[in-house]
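The primary structure of each chain is shown beneath.
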Amino acid sequence: MSDFTADNGPTNGTAKTSLFTQTARTKRRNAAETRFKVYGIGAIALGLFFLVALLFSIVANGIPAFKQTFVTIPVELTEAKLDKNGNRDPADLAKVTTFGYKPLVTSALIVALKEQGIEIPFAKEKDVEDILSSSVAAQVRDTVLANPDLIGQTVDFRLLASSRVDGYFKGRVTRESLVRDKNLDAEHLDVADAMVDAGLMKTSFNPAFIFGSDASESRPEQAGIGVSMIGSFFMMIVVLFLALPIGVAASIYLEEFAPQNKWTDLIEVNISNLAAVPSIVFGILGLAVFIQFAHLPQSAPLVGGLVLTLMTLPTIIISTRASLKAVPPSIRDAALGVGASKMQSVFHHVLPLAMPGILTGTIIGLAQALGETAPLLLIGMVGFIASNMPDGITAGFLSPNSAMPAQIYEWAKRADPAYYERAWGGIIILLVFLMTMNIIAVILRRRFERRW
Amino acid sequence: MNDMRIVRKDVDMNDTKISAKGVQVYYGDTHAIKDVDVEIKDKTVTAFIGPSGCGKSTFLRCLNRMNDTIDICRVEGKIELDGEDIYDKRVDPVQLRAKVGMVFQKPNPFPKSIYDNIAYGPRIHGLAKNKADLDEIVEKSLRRGAIWDEVKDRLHAPGTGLSGGQQQRLCIARAVATEPEVLLMDEPCSALDPIATLQVEELIDELRENFSVVIVTHSMQQAARVSQKTAFFHLGNLVEYGDTEQIFTNPKDERTESYITGRIG
């Protein structure tokens, strides 16, 4: 724009203009500015709209996953069935499998229904047990094995309802949709409605979704994200304790000590490029190096952490170097001027001042690693069903596990719509983690920030 | 500020503290300092004057090897401190900088307390055996920096909270805390107002009793006020070096005269 040329009239001194009237040129410039502002506001509004839509759909779809339908009934733990010898020997008790417990629970349900005067609309009364999750026998068995004194008593149990019944109360399952469903009939729903009226069945908050373990494909009501959370936790430990010291040490060397030559230039370019390498490339590298060459266990958080460390390092190095660069050179001069060595000037003065930036970069790198799925795909952390809590710290690092985003992916691809709901719920938990980490980053930045 | 407020004192100016011979400095391909010979006396204030970019700061930074931190900078020739070549392979620049302290153009206190600013140097050089020793060094240095009275009640307040002039005196106090023999000052007053400048100049004159002071300045009046010796640099050459009075009243080189009278610069 040739703002400086005075060829178009009024500005070149021949004609006098008033300050109160806008010239055509000024009007055009003001109009351009207004248009630009409108574009900006429009872009922000569009962004906000999508953000709100995204958050709304996540919350609306995910919240039901935190609730579950439970059946509360008294179960008589018959001694004749559970402990024939009557000596409460743990080895004998363990011999009774869930098949031994199942009839007890079923008959307890039938008894409870009859007590409440609820009609059982099946030719075989036993069919009503489909209302309950197939995991209930195991739940009762675990309780008994943990406390054998309960045998012979009648104990109140809070048992999971089947995912179809649960879905009915959450609006996912209707009587019409059950016509083609072999797992449950419409009559079961009639019984379920009656049980709710009688107070035997209730939908309430389900902590097992947050703290529990994954379950098989046919039992979505039992699945929880807890174990994969542990997997993610151990991976983050590995990433933090490898990527932070290595990344910070590398940045300090490159920024403060390394000579400026073509080798360091090459390294610099490569680090910047590594930050942009697709994460799946790190996954296949991890598969080749850590699993096939170094023979580390598959699906282990240790390997996952190593791969994510490789992925996070460039992020940490770039942000650390940026924050080291941001420390004014006068501070280095001041330290060198009083006779500090290079290392003293870095560790006593430069590093503390760069700390907020380093910590923020690290936490953002960790958050990125926490949400990463693709590299886990290749080292076997996706597809593994994390059904056992690791026992102990070593097992936490070395025994197969999953990670939160991998678990979510796993749920999302399962056929049962109940798992779809759980995938959304898992997303909420993951987002809560990420937000917490970002808030910590902001707080740390505020706390360590110093002016110079 | 043109009057000479500082009363000249008679001091012994015979001992050579720093002697530079044939010093050449290159920044990459640029020849920044060309064959400079200079003898800096002990217990004297020596001023380096000259137009911007003439190399006076570069030369100053050679005297305590601060140019080592610049990768592309190369120094040739010989600079001796008390007869020892400071560019000798055996010299550790850290030890050298403990002997040759430096004050910079912009006040640059550490973002720490006033006390820690002063105590940092003595701490890393192990000059204090215990807390009481350190307290003493801090007080003595702040007194030498002519700032003790202003900060004695808030030693643990941040050094960055002081005014510009106070910060610069704090930096001078920090530099003298390590008991250097030479004090290099790179335009110490260019960021200060006239009153703060006067305070710093008075301080420089007092420091002369204990140290050899080398000061780079843009202000010829300042050079005339505080220094006993003056060196005039132009385009990387040391044009003229001599007693301040002689340089300002009776310069031998016509470039010096042109600069002093304001015709070049």
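Per an unreviewed UniProt entry, the recorded name for chain B is Phosphate ABC transporter ATP-binding protein (PhoT family), and the organism is Celeribacter persicus. Recorded in UniProt under Subcellular location (unreviewed entry), the annotation for chain B is "Cell inner membrane". Reading the Function (unreviewed entry) entry of the UniProt record for chain B gives the comment "Part of the ABC transporter complex PstSACB involved in phosphate import. Responsible for energy coupling to the transport system."

As recorded in an unreviewed UniProt entry, chain A goes by Phosphate transport system permease protein PstA and comes from Celeribacter persicus.

**Student:** Help me understand the overall build of chain B, please; the structure alone is not making it clear to me.
**Tutor:** If you tally the helices and strands in chain B, you get 10 helices and 10 strands. Taking 2.2 N^0.38 as the reference for a compact globule, 265 residues should give roughly 18 Å; the C-alpha atoms of chain B span a radius of gyration of 18 Å, in line with that estimate. Looking at chain B as a whole, 55% of its 265 residues are labelled buried. A separation threshold of at least 6 residues defines the contact pool for chain B, and within that pool the share at least 24 residues apart is 68%. Carbon together with sulfur atoms contributes 47% to the accessible area of chain B, which is approximately 11,700 Å² in total. Distance between charge centres in chain B, computed from 35 positive and 42 negative side chains, equals 3 Å.

**Student:** Teacher, can you tell me more about a nonpolar patch on the surface here?
**Tutor:** Taken together, the side chains of Ile44(A), Leu48(A), Leu51(A), Leu54(A) and Leu55(A) present a nonpolar region at the surface, about 470 Å² in accessible area. One can find Leu48(A) in helix α1 (residues 24–62).

**Student:** Is there a simple way to think about the sheet that holds strand β4 (residues 73–81) of chain B in this case?
**Tutor:** Strands in a sheet are paired, the pairing made by backbone hydrogen bonds, and the direction either parallel or antiparallel. Residues and elements named next belong to chain B. Strand order in the open sheet formed by 4 strands is β2-β1-β4-β5, with antiparallel pairing between adjacent strands. Of all strands in the sheet, those with a lone pairing partner are β2 (30–41) and β5 (84–85), marking the two edges. Pairing between strand β1 (residues 16–27) and β4: 8 bridges, direction antiparallel. Residue pairing across strands places Lys21 opposite Lys78, the latter belonging to β4.

**Student:** What's the story with the packing of helix α11 (residues 279–293) of chain A against helix α12 (residues 301–326) of chain A in this structure? I'm lost.
**Tutor:** Each pair of packed helices can be described by the angle between their axes along with the distance between the axes. Residue and element names in this part refer to chain A. Contact pair α11 / α12: the axes reach a minimum separation of 9 Å and the direction vectors enclose 130 degrees. Comparing the axis directions of α11 and α12 gives the class oblique. Handedness of the α11/α12 crossing: right-handed. Within the contact between the two elements, α11 uses Ser279, Phe282, Gly283, Leu285, Gly286, Phe290 and Ile291 and α12 uses Val303, Leu306, Val307, Leu310 and Met311. Among the residues making up the contact of α11 with α12, the classes are represented as 9 nonpolar, 3 polar and no charged.

**Student:** What is the right way to look at the domain arrangement of chain A in this model?
**Tutor:** The extent of an interface is frequently quoted as the accessible surface area lost upon association of the parts. Residue and element names in this part refer to chain A. Annotation of chain A at the domain level lists domain 1 (65–222) and domain 2 (226–448). Between domain 1 and domain 2, the C-alpha centre-to-centre distance is 43 Å. The interface is formed by 21 residues belonging to domain 1 together with 21 residues belonging to domain 2. A buried area of about 1,600 Å², summed over both sides, lies between domain 1 and domain 2, and 53% of it is on carbon and sulfur atoms. Looking only at domain 1, the three residues that lose the most surface to domain 2 are Phe209, Asp214 and Pro220, adding up to 38% of its buried area. Summed over the shared surface of domain 1 and domain 2, the result is 4 salt bridges. Note that Arg172 and Glu421 form a salt bridge whose closest N and O atoms lie 2.5 Å from each other. At the junction of domain 1 and domain 2, the tally comes to 15 residue pairs in polar contact (both at pLDDT 80 or more). Contributions of two or more residues to the side of domain 1 that touches domain 2 are made by α6 (163–170) and α8 (207–211). Of all the elements, α6 adds the most residues to the side of domain 1 that touches domain 2, at 4 residues. Within the side of domain 1 that touches domain 2, the residues separate by chemical class into 7 nonpolar, 6 polar and 8 charged.

**Student:** Would you mind going over the UniProt feature "domain: ABC transporter" (unreviewed entry) in chain B with me for this structure?
**Tutor:** UniProt records the feature "domain: ABC transporter" (unreviewed entry) at residues 18–260 of chain B, using the numbering of this structure. As annotated, residues 18–260 of chain B has a helix share of 38% and a strand share of 27%, and its two end C-alpha atoms lie 26 Å apart.

**Student:** Would you take a moment to explain the UniProt feature "transmembrane region" (unreviewed entry) in chain A for this structure?
**Tutor:** Residues and elements named next belong to chain A. Within the UniProt annotation, "transmembrane region" (unreviewed entry) is assigned to residues 38–60, 229–254, 274–294, 300–318, 350–371 and 423–444. Between the C-alpha atoms that bound residues 38–60 the distance is 32 Å, and the span itself is 100% helix and 0% strand. Spanning residues 350–371, this segment combines 95% helix with 0% strand, and its end C-alpha atoms are found 32 Å apart.

**Student:** Before we go on, may I ask you to explain the interface of chain A and chain B in this structure?
**Tutor:** If you look at the interface, chain A gives 21 residues, while chain B gives 23 residues. Roughly 1,700 Å² is buried in total at the junction of chain A and chain B, and carbon and sulfur atoms are behind 62% of that figure. The interface formed by chain A and chain B includes 0 salt bridges. Mapped by element, the contributors of at least two residues to the side of chain A that touches chain B are α13 (329–337) and α14 (342–370) of chain A. A total of 7 residues in the side of chain A that touches chain B trace back to one element, the largest contributor, which is α13(A).

**Student:** It is not clear to me how the sheet that holds strand β8 (residues 212–216) of chain B should be interpreted in this structure. Could you clarify?
**Tutor:** Residue and element names in this part refer to chain B. Strand order in this open sheet of 6 strands is β6-β7-β8-β3-β9-β10, and the pairing throughout is mixed. The two strands at the open ends of the sheet, each matched to only one other strand, are β6 (100–103) and β10 (237–243). The sheet shows a mean angle of 15 degrees between the axes of neighbouring strands, direction not considered. Against the sheet, helix α6 (residues 164–177) contacts β6 and β7 (182–186), and its axis sits at roughly 170 degrees relative to β6.

**Student:** How should the pairing of β2(B) be read in this particular structure?
**Tutor:** Successive residues of a regular strand alternate their side chains across the two faces of the sheet. Residue and element names in this part refer to chain B. By the bridge criterion, 8 bridges tie β1 to β2 in an arrangement that is antiparallel. Within β2, the position partnered with Tyr27 by the bridge is Thr30. Where β1 folds back onto β2 in an antiparallel hairpin, the turn is made up of 2 residues, including Gly28, whose phi is positive at roughly 60 degrees.

**Student:** Just to check I follow, could you spell out a negative patch on the surface for this structure?
**Tutor:** Residues and elements named next belong to chain A. A cluster of acidic side chains, namely Asp127, Asp130, Asp185 and Glu187, defines a negative patch on the protein surface. Tracing the chain through its elements places Asp185 in the loop between α6 and α7 (186–198). Residue Asp185 is classed as partly exposed on the basis of its relative accessible area of 35%.

**Student:** Any chance you could explain the state of the cysteines here in plain terms?
**Tutor:** One covalent bond between the sulfur atoms of two cysteine residues makes up a disulfide. Residue and element names in this part refer to chain B. Per the counting criterion, the structure on display carries 0 disulfides over all chains. With no disulfide of its own, Cys171 lies 12 Å from the sulfur of Cys189, the closest cysteine sulfur. Of the residues examined, Cys171 reaches a relative accessible area of 3% and is grouped as buried.

How each quantity is defined
- Residues numbered from 1 in each chain as written.
- Chains lettered and ligands numbered in written order.
- Predicted model: local features only at pLDDT ≥ 70, side-chain atom pairs only at ≥ 80, totals over all residues.
- Heavy atoms only, no water.
- UniProt positions renumbered as here; feature names shortened; annotations may be inferred.
- Helix = DSSP H or I, 4+ residues; strand = E, 2+ residues; numbered from the N terminus.
- Rg over C-alpha atoms; globule rule 2.2 N^0.38 Å.
- Buried < 20%, exposed > 50% of the residue type's maximum accessible area, 1.4 Å probe, protein only.
- Contact = heavy atoms within 4.5 Å.
- Areas by Shrake-Rupley, 256 points an atom, 1.4 Å probe, with all protein chains shown as cover.
- Lys, Arg positive; Asp, Glu negative; His and termini not counted.
- Charge placed at Lys NZ, Arg CZ, Asp CG, Glu CD.
- Patch = residues over 30% accessible without salt bridge, like charges linked within 9 Å, V, L, I, M, F, W, Y side chains within 5 Å.
- Salt bridge = Lys/Arg side-chain N within 4 Å of Asp/Glu carboxyl O.
- Pairing = 2+ DSSP bridges.
- Axes fitted to C-alpha atoms, helices over the stretch in contact; angles between N-to-C directions.
- Parallel < 35°, antiparallel > 145°, perpendicular 65-115°, else oblique.
- Left-handed = near helix turned anticlockwise from the far one by under 90°.
- Nonpolar A, V, L, I, M, F, W, Y, C, P; charged D, E, K, R; others polar.
- Domains from an automatic or database assignment.
- Buried area = accessible area lost by both parts, 1.4 Å probe.
- Polar contact = N/O pair within 3.5 Å; in protein donor to acceptor, adjacent residues only side chain to side chain.
- Disulfide = S-S within 2.5 Å.

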